[in-house]
There are 2 protein chains.
Amino acid sequence: MAAPLRIGMVGLGTVGTGVARILLEHAQRTADRAGRRIELVRVAVRNVAKARAEITKAIEITTDPMKVATATDVDVVVELIGGLNPAREIVTAALESGKDVVTANKALLCNYGDDLFALARRKERSISFEAAVAGGVPIIAAIGQAMTGNQITSLAAIVNGTSNFILTRMFHENSSYEDAVKEAQRLGYAEADPSMDVKGTDAAQKLGLLTQLAFGRRVLPEQFPVQGIDELSLMDLKFADELGYAIKLLATAKLVGGHLELHTQPTLIRHSRPLAQVNGPYNMIELTGDAVGKAWFSAMGAGQMATASAVVADLVDVAVGRARINFERLHLWAEQETFPLQRIEKIQRRYYMRFLVEDRPHVIADIADILGRNGISLSSVIQKEANEPEEANVPTTPVVPLVFMTHMTTEGAVRAARTELDKLSAVRMPWLCLPVSG
Amino acid sequence: MAAPLRIGMVGLGTVGTGVARILLEHAQRTADRAGRRIELVRVAVRNVAKARAEITKAIEITTDPMKVATATDVDVVVELIGGLNPAREIVTAALESGKDVVTANKALLCNYGDDLFALARRKERSISFEAAVAGGVPIIAAIGQAMTGNQITSLAAIVNGTSNFILTRMFHENSSYEDAVKEAQRLGYAEADPSMDVKGTDAAQKLGLLTQLAFGRRVLPEQFPVQGIDELSLMDLKFADELGYAIKLLATAKLVGGHLELHTQPTLIRHSRPLAQVNGPYNMIELTGDAVGKAWFSAMGAGQMATASAVVADLVDVAVGRARINFERLHLWAEQETFPLQRIEKIQRRYYMRFLVEDRPHVIADIADILGRNGISLSSVIQKEANEPEEANVPTTPVVPLVFMTHMTTEGAVRAARTELDKLSAVRMPWLCLPVSG
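Residues numbered from 1 in each chain as written. Chains lettered and ligands numbered in written order. Predicted model: local features only at pLDDT ≥ 70, side-chain atom pairs only at ≥ 80, totals over all residues. Heavy atoms only, no water.

Enquirer: What's the story with helix H12 (residues 234-243) of chain A in this structure? I'm lost.
Expert: Side chains of residues three or four places apart in an α-helix project in the same direction, reflecting 3.6 residues per turn. Residue and element names in this part refer to chain A. Asp236, Leu237, Phe239 and Ala240 are the residues of H12 that are buried. Projected down its long axis, H12 shows its buried positions confined to an angular sector of 165°, all on one face. One or two steps after H12, the chain reaches Gly244, where phi turns positive at roughly 100°. (Buried < 20%, exposed > 50% of the residue type's maximum accessible area, 1.4 Å probe, protein only. Helix = DSSP H or I, 4+ residues; strand = E, 2+ residues; numbered from the N terminus. Arc of directions from axis to C-beta.)

Structure (structure tokens):
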């Protein structure tokens, strides 16, 4: 058997502990698969005493991550501290000193992928990051290896488990958005400040990575529509259901007439589509290839052992030599010819528009008139009767929801209409506009 | 760029033509991904004139497959003729003359995997076969690479697209089994003789391959229960639906108390599970790993371009050097310690039992008595009223369906009960017994 692969791990949080568990508890199994032992030899942590409780005494523990990054007895550095700094310095030092790198740090790649990948190429080392997108779903391998006979023509992904958990909870428990967020926090699915997840930022960053992989194009979140689930109410999930759809935070990239169209938004998806049926903290990526047609990949998007599973798969890839090959063939953050980006205004979709309006004459007509003048035609309208005020002599105007489904139109038309709609005094602000997936 | 990888293809049927199309029409794209050109240089076919219409003149066409298998200007032989002979001789000759092999031939691997893999190891060549199981679903890569951090604990798979199409058609079109088979044949989803598909043989062979990959154990279809969809009636799909289940031809391998339990049978699956929602000619494999939890992989299970996509992915793997690594790490058809097989009698499940019985006193009691004496307890019973005979004075006894759902019991108990039940004069033969997935 070949020499052991020696691992230096930086960070022993939730995922790090999971990786250590697999490597320590299943050393023989892992060695059988890798053709050599994969040995955890050094770990950098903030609190040595706490780490001692988790892992065996044979492992050198330090509080200085640079010691692990530059250690001469380490072949691969596993970076699991997250965040930009010092993760960037650690990974840079590891590559500089000739080590391969495995990371689950999406933000690091989004911000410093350029430099880090160039450095790895120069040093003829690899960076593996299966755990950085969609946790237990092997989507980096699927795009980079299984789909090589295809041009991927579209990618539609549920990649934020927190948002998916919240939406599932709201719908199935008749829960408000606020209560569902609290439940997600209680269960550890959401951070104390959930804004990265619920505002769509996390999903948009993942879409950026997937778009590079699938279409060879670098994009920044400001180049495409990004919308979070924090604008939704339970009634939207119920209206969508009534119309035959689920609402999911969907990250989409697709080729339309040779242009690449991107968006990360809560999206209405027909009940019959597999994406509509993904519940709780699960992720799913639907790929369409010009040869294979549609393919679906689904698993837990986060969580200790699902993410650790992806990290260990990367380590086995390093051990057997696949990681170096995969990295070399990926062309990430490298110059390449690719597809022009669709201008946001030209993106074509159907839309769900939900207003809260004062229940008085001519409101529907006013809204429909604005939509019509902007070239937006309607496929259906839902208006429910207002509840009668309990005391008929109270002179408040009741507020009622009003839902329009449009035919195919452009984002430009919707934005033009929005400017006018925002001025209608009978419409409560903000009103909600979501795309419908084709 | 490295030297081109030169391909010799044997067979230019549906899939072969698809592979040729990708290689010829997307040569530059494929070269970008593989880091070298992948050139189709030789093709063996039965009918040269017909092949000429499909592919460019630059390619050497022969009717002698051995010429392709042994050609000195070929690096990889792609075997796409199917069947056992001469596929076996062709693959053997290709390996003997130092070529890597890519094949979509499941039957060949099931029957001669032993010899062929040993030969490939001796010659330090690879055999790749992503296209042999589940067409466009990259399940070989998923098990062999993405799941290396896990012990797979269960695998449940819809891998026969023909059966799945027929069951979907029956249910959604209220069609008889016979009519659905005819429709599948008309659309090219079923062979003129569909028995390999509808009797479960094809799915059982695929389960054998997947079991080797996931559990390292060689099994033969006679070592586990194999049952086809040809025993089902539309009423069974309707009864199952009423009870909250879909019926799918499910190939299952799982660890139960350290034993490996296998079966390939039409199985009741709860509506809420992703497997229950796979319709038409699609395949899905649900894997459970001890780290990742559940993961799902789905795509078209057959068809020209989905299968060709898998073949081309294998060719790119050969071109970049992954195929040799993957093959070496797979340990297929090699000696290894693994799990003992569960004895068929000890397999524990719930069951769906549907009888057609003469509507006369004491029939339910007789059946329930036999089940009870064999230790099988019931969780629910459906009996619908018989239609009144049109002429009341005709002395025929009407036949009515009678459905039992059991609690957990053993296959042994069910088989013992079956012997007694078969003797009941009021029960029409054959009656149907299907497992319920846990």
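Structure's up, so let's keep going.
Enquirer: What exactly am I supposed to notice about the domain arrangement of chain A here?
Expert: When the parts of a complex come together, some accessible area is lost, and that lost area is often taken as the interface size. All names here are of chain A. Assigned domains within chain A: domain 1 (5-135 + 322-330), domain 2 (139-300) and domain 3 (344-436). With 22 residues of domain 2 in contact, the opposing surface of domain 3 contributes 20 residues. For the domain 2 and domain 3 pair, buried surface summed over both sides reaches about 1,700 Å², with 65% attributable to carbon and sulfur atoms. Across the domain 2-domain 3 interface, the total number found is one salt bridge. Between Arg354 and Asp236 there is a salt bridge whose closest N-O contact spans 2.6 Å. Our count for the domain 2 to domain 3 interface comes out at seven residue pairs in polar contact (both at pLDDT 80 or more). Elements that contribute at least two residues to the side of domain 2 that touches domain 3 include exactly H12, strand S8 (245-256) and strand S9 (259-270). Considering every element that reaches the side of domain 2 that touches domain 3, the biggest residue donor is S9, with eight residues. Here the residues of the side of domain 2 that touches domain 3 are counted per class, giving 11 nonpolar, six polar and five charged. (Domains from an automatic or database assignment. Contact = heavy atoms within 4.5 Å. Buried area = accessible area lost by both parts, 1.4 Å probe. Salt bridge = Lys/Arg side-chain N within 4 Å of Asp/Glu carboxyl O. Polar contact = N/O pair within 3.5 Å; in protein donor to acceptor, adjacent residues only side chain to side chain. Nonpolar A, V, L, I, M, F, W, Y, C, P; charged D, E, K, R; others polar.)

Enquirer: Looking at this structure, how should I read the pattern of salt bridges?
Expert: Opposite charge on two side chains permits them to pair, given that their charged atoms come into close proximity. One pass over the structure, following the stated rule, counts 48 salt bridges over all chains. In this structure, Glu39 of chain A engages Arg37 of chain A in a salt bridge whose closest nitrogen and oxygen atoms are separated by 3.4 Å. Accessibility expressed as a relative area gives 28% for Glu39 of chain A, which makes it partly exposed. On the accessibility criterion, Arg37 of chain A (35% relative accessible area) is partly exposed. Two residues, Glu420 of chain B and Arg373 of chain B, come together in a salt bridge whose shortest N-O distance is 3.0 Å. In this pair, Glu420 of chain B sits in helix H16 (residues 411-421) while Arg373 of chain B sits in helix H15 (residues 363-373), placing the two residues 47 residues apart along the sequence.

Enquirer: Explain the packing of aromatic side chains to me, please; I cannot follow it from the model alone.
Expert: Remark: the centre distance and the inter-plane angle together describe each pair of aromatic rings, the angle taken between the planes. A complete count under the given rule lists 15 aromatic pairs over all chains for this structure. A centroid spacing of 5.5 Å and a plane angle of 70° characterise the contact between Trp296 of chain A and Tyr282 of chain B, whose relative ring orientation is edge-to-face. A residue pair is termed interchain when its members come from two chains, as with Trp296 of chain A in strand S11 (residues 293-300) and Tyr282 of chain B in strand S10 (residues 282-289). Taken together, the ring pairs connect Phe117, Phe129 and Phe327 of chain A into an aromatic cluster. Lying over the aromatic face of Trp431 of chain A, Arg418 of chain A brings its terminal NZ or CZ to 4.3 Å of the ring centre. In this structure, Lys238 of chain B is placed above the aromatic ring of Phe171 of chain B, and the distance from its NZ or CZ to the ring centre is 4.4 Å. (Phe/Tyr/Trp six-rings, centres within 6.5 Å; stacked < 30°, edge-to-face > 60°. Lys NZ or Arg CZ within 6 Å of the ring centre and 35° of its normal.)

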